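# Summary of the model geometry
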Amino acid sequence: MNIAQALQYYGVPDSFERRECAWLLEYILGINHLTLKYKSDQSLTADQEQQFLQAIERLKQGEPLAYVIGEQDFWSLTLKVTPATLIPRPDTEILVEHALVLIQPSQDLQVLDLGTGSGAIALSIAKERQLVNIIATDFSIEALKIAQQNALLNQIGNVQFLQGSWYQALESGQRFDVIVSNPPYIDEQDQHLIDLTHEPITALTAKNNGMADLKVIIGQAPQWLKPDGWLLVEHGYNQAQAVQQLFVQAGFSDVKTVKDYGGNDRVTLGRI
Ligand SMILES: C[S@@+](CC[C@H](N)C(=O)[O-])C[C@H]1O[C@@H](n2cnc3c(N)ncnc32)[C@H](O)[C@@H]1O
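Residues numbered from 1 in each chain as written. Predicted model: local features only at pLDDT ≥ 70, side-chain atom pairs only at ≥ 80, totals over all residues. Heavy atoms only, no water.

## Considering the site of the ligand
In the neighbourhood of the ligand, 17 residues make up the surrounding shell, with G115, D138, W166, N182 and A203 lying closest. Between the ligand and T116 there is a distance of 3.3 Å, counted from a nitrogen atom to a backbone nitrogen or oxygen. Looking at the shell around the ligand residue by residue, the class counts come to 8 nonpolar, 8 polar and 1 charged. (Near = heavy atom within 4 Å. Polar contact = N/O pair within 3.5 Å; in protein donor to acceptor, adjacent residues only side chain to side chain. Nonpolar A, V, L, I, M, F, W, Y, C, P; charged D, E, K, R; others polar.)

Okay, structure coming up:
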C-alpha cells in the first residue's frame, strides 16, 4: 500500500474520516502534511501498514484518534493521553491564554490547577511562566500518573501533583495567587454524551445540571486565594449566567465571561 492508497482507505472525499486518515499517516510515518502530499507514491513498510490498518479498525469502532495514537497537541505541548484522561480541547486554551495575562513572566506566583487530567492547563502555564510554582490536583491516580509523565516528557519541573477531591488535596493554610480549573460540567442527561463514550465519565459530567463541581470550586475558592487572587473556570456554553452568580455570591469582583474560538461563552474569571 502506498500513501495515496492509504489516504483513500477510510471515509469518503472531504470527510472528517479522510482527514483523520491523513493525520494518522503523518503520525505513523513521522512526516508533515506537505511531505505526505508530495510523497504520495511512497510505499508503507510492512510494519507501518500493519500499524495503519490496526489503527483504522479502532477509528472505525469510534475510538478518538488521540487515544489511538496516544497523544494530543495542546497549547505549545504534545501531551500523552490515555482513556484515564480527558482529551484536552482547543477551547481550554482560552483559559490558559487568560491565565497568562494575569501572570507576568517576572512573577513567582503560586498557582493551583484543580482537576488537572493530562496536566494540560498546569503544564502549559508552567512552560510559559517558569518562575511560578503550580500545584495540580486530580482525584484520579491514573490521570495523575499520565500528567506526571507529561511533565517529564515536556521537561517541566515547576508543577507538583497531588491526589484528592478538589481542595481536599491541599494542606490547610496554603494560599494561591491564581486558581484555574476545567471541571466536569456536562449535565448527566446531555445528549452530546452519546459521542463521548470513550472518555472517563467522571471527567465529563456533574450533578445539578452540570453545576455541582463548579459550585464547590467557586464557593470554596476565597478560602484558598490570597487577597486580590484570581479564579478562572471553564464551563458550558449555557452556564455563564449561573457561574457568574456563583462568583458574585462568593464575593468575587471584576467578574467577566470570555468566549471560546467558536464564539461560545466558555471561561469565567473574577478577583477576590
Ligand atoms: C474536564 S476534565 C479536565 C482535564 C484537564 N484539566 C483538561 O482541561 O484537559 C476534569 C478533570 O477533573 C477531574 N475530577 C473530577 N472530579 C474531581 C474531584 N472531585 N476532585 C478532583 N478532580 C476531579 C477528572 O478526573 C478530570 O481529570
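Here the narrative resumes, following the displayed structure.
## Considering the sheet that holds strand 4 (residues 133-138)
Strands sit in the order 5-4-3-6-9-11-10 across an open sheet of 7 strands; the sheet is mixed. Only two strands of the sheet have a single partner each, and these edge strands are strand 5 (159-163) and strand 10 (253-259). For this sheet the average axis-to-axis angle between neighbouring strands, irrespective of direction, equals 15 degrees. Relative to the sheet, helix 6 (residues 93-102) contacts strand 6 (176-181), strand 9 (225-234), strand 10 and strand 11 (265-271), its axis offset from that of strand 9 by approximately 160 degrees. (Pairing = 2+ DSSP bridges. Helix = DSSP H or I, 4+ residues; strand = E, 2+ residues; numbered from the N terminus. Axes fitted to C-alpha atoms, helices over the stretch in contact; angles between N-to-C directions. Contact = heavy atoms within 4.5 Å.)

## Regarding the packing of helix 10 (residues 212-224) against helix 11 (residues 240-249)
At a minimum axis separation of 9 Å, helix 10 and helix 11 run at an interaxial angle of 25 degrees. Here helix 10 lies roughly parallel to helix 11, going by the angle between them. Of the two possible hands of crossing, helix 10 and helix 11 adopt the one that is right-handed. In this structure, helix 10 uses L214, K215 and I218 to contact helix 11, whose residues at the interface are V243, L246 and F247. Within the contact of helix 10 with helix 11, the residues separate by chemical class into 5 nonpolar, no polar and 1 charged. (Parallel < 35°, antiparallel > 145°, perpendicular 65-115°, else oblique. Left-handed = near helix turned anticlockwise from the far one by under 90°.)

## Considering unusual backbone geometry
Of all residues except glycine, most have a negative phi; of all peptide bonds, most are trans. In this structure, D14 is a non-glycine residue whose phi angle is positive, near 65 degrees. Mapped onto the elements of the fold, D14 is located in the loop between helix 1 (3-7) and helix 2 (16-29). For W75, which is not glycine, the phi dihedral falls at a positive 50 degrees. Using a relative accessible area of 28% as the deciding quantity, one classes W75 as partly exposed. (Buried < 20%, exposed > 50% of the residue type's maximum accessible area, 1.4 Å probe, protein only.)

## A few points about the environment of L53
Mapped onto the elements, L53 comes out in helix 4 (residues 46-60). Judged by its relative accessible area of 28%, L53 is partly exposed. Every residue in contact with L53, bar those within four places of it in the chain, is listed here: M1 and Y9.

## Examining the side chain of S118
One can find S118 in the loop between strand 3 (110-114) and helix 7 (120-128). Given a relative accessible area of 3%, S118 falls into the buried group. Of the polar contacts made by the side chain of S118, one reaches the backbone nitrogen of A120; its length is 3.5 Å. Setting aside chain neighbours within four positions, we find S118 in contact with L79, K80, V81, T85, L86, P88, L123, I146, A147 and N150.

## Overview of helix 11
Among the residues of helix 11, those classed as buried are A240, V243, L246 and F247. What you see down the axis of helix 11 is that its buried residues fit within an arc of 125 degrees, all on one side. Among the exposed residues of helix 11, those oriented more than 90 degrees off its buried face are Q241, V248 and Q249. Downstream of helix 11 by one or two residues, G251 has phi in the positive range, about 100 degrees. (Arc of directions from axis to C-beta.)

## Comments concerning the pairing of strand 2 (residues 77-80)
Only one face of strand 2 is buried: it carries L77 and L79, and the other face, with T78 and K80, is open. As paired elements, strand 1 (residues 71-74) and strand 2 share 4 bridges and run antiparallel to each other. Note on strand 2: the bridge partner recorded for D73 is T78. Adjacent in sequence and paired antiparallel, strand 1 and strand 2 are bridged by 2 residues, among which W75 carries a positive phi angle near 50 degrees.

## Quick look at the pattern of salt bridges
Tallying each qualifying case throughout the model produces 11 salt bridges. The salt bridge involving E199 is made with R89; its shortest N-O contact spans 2.8 Å. Residue E199 is located in the loop between strand 7 (186-187) and helix 9 (201-204), and its partner R89 is located in the loop between strand 2 and helix 6; the two are separated by 110 residues in the primary sequence. The partner of R271 in a salt bridge is D254, with the nearest N and O atoms 2.5 Å apart. On the criterion of sequence distance, the pair formed by R271 in strand 11 and D254 in strand 10 is long-range, its members being 17 residues apart. (Salt bridge = Lys/Arg side-chain N within 4 Å of Asp/Glu carboxyl O.)

## Quick look at the packing of aromatic side chains
Aromatic rings considered in pairs are described by the distance between their centres and by the relative angle of their planes. One pass over the full model with this rule turns up 4 aromatic pairs. Here Y9 and F52 contribute two aromatic rings whose centre-to-centre distance is 5.8 Å and whose plane-to-plane angle is 65 degrees, an arrangement assigned as edge-to-face. With a gap of 43 residues between them, Y9 in the loop between helix 1 and helix 2 and F52 in helix 4 connect regions that are remote in the sequence. Classification of Y9 by relative accessible area gives partly exposed; the value is 37%. Classification of F52 by relative accessible area gives buried; the value is 0%. Ring centres of F247 and F252 lie 5.0 Å apart, and the angle between their planes is 50 degrees; on these two criteria the pair is classed as tilted. Both residues of the pair, F247 and F252, count as buried. (Phe/Tyr/Trp six-rings, centres within 6.5 Å; stacked < 30°, edge-to-face > 60°.)

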